[in-house]
Amino acid sequence: MNYSTAGGGRRKIRRASKIIGTVCAAALVGLYVLGATLGSDSEQRQKISRAVEENNQLRSELTAKDERINELEEEVRQLKAELEAIPTPAPTPYQPEPTAEPAPAETESINSPRE
């Protein structure tokens, strides 16, 4: 009797081992994909959390800078108002006359303690 063709046990064992091997490989691939998906989801959550935190920080900095700009603009308005309130001298319609040259002081009548 030929056991290789009579629906023997060797074929069933090979077939069963191939099926078990394929199922294990599929399970490992499934676990890898599941782990990668969950792991990347966690990384994405951390990235989103960091981005939201940075966004809030930038918004607070922007608010502080806007307040500082408003303060400076108000100061500029006040300084312009003060500058406009200062009277400007009227220009003279003629050229001023030249001043006389200074005359030397008399030094003969001064007694020096060094002499």
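The coordinates are above.
Below or above, wherever it landed, is the structure these notes cover. (Residues numbered from 1 in each chain as written. Predicted model: local features only at pLDDT ≥ 70, side-chain atom pairs only at ≥ 80, totals over all residues. Heavy atoms only, no water.)

Let us look at the overall build of the protein chain. Scanning the protein chain from terminus to terminus reveals 1 helix and 0 strands. Put simply, the protein chain has 115 residues, and 1% of those count as buried. For the protein chain, the exposed area adds up to about 11,700 Å²; of that, 58% sits on carbon and sulfur atoms. (Helix = DSSP H or I, 4+ residues; strand = E, 2+ residues; numbered from the N terminus. Buried < 20%, exposed > 50% of the residue type's maximum accessible area, 1.4 Å probe, protein only. Areas by Shrake-Rupley, 256 points an atom, 1.4 Å probe, with all protein chains shown as cover.)

As a further point, take the pattern of salt bridges. Going through the model one piece at a time under the given rule, you end up with 2 salt bridges. The residue Glu71 makes a salt bridge to Arg68 at a minimum N-O spacing of 3.5 Å. Here Glu71 and its partner Arg68 are both found in helix H1 (residues 9–85), 3 residues apart, which amounts to about one turn of the helix. Look at Glu71 and you get partly exposed, because its relative accessible area is 48%. For Arg68, a relative accessible area of 45% translates into the label partly exposed. In this structure, the salt-bridge partner of Arg77 is Glu74, at a minimum N-O distance of 2.7 Å. Note that Arg77 and Glu74 are positioned in helix H1 at a spacing of 3 residues, about one turn of the helix. Given the relative accessible area of 36%, Glu74 is considered partly exposed. (Salt bridge = Lys/Arg side-chain N within 4 Å of Asp/Glu carboxyl O.)

A surface patch of nonpolar side chains, amounting to about 330 Å² of accessible area, comprises Leu28, Leu31 and Leu34. Within the secondary structure, Leu31 sits in helix H1. (Patch = residues over 30% accessible without salt bridge, like charges linked within 9 Å, V, L, I, M, F, W, Y side chains within 5 Å.)

Purely geometric numbers; function is a separate question.
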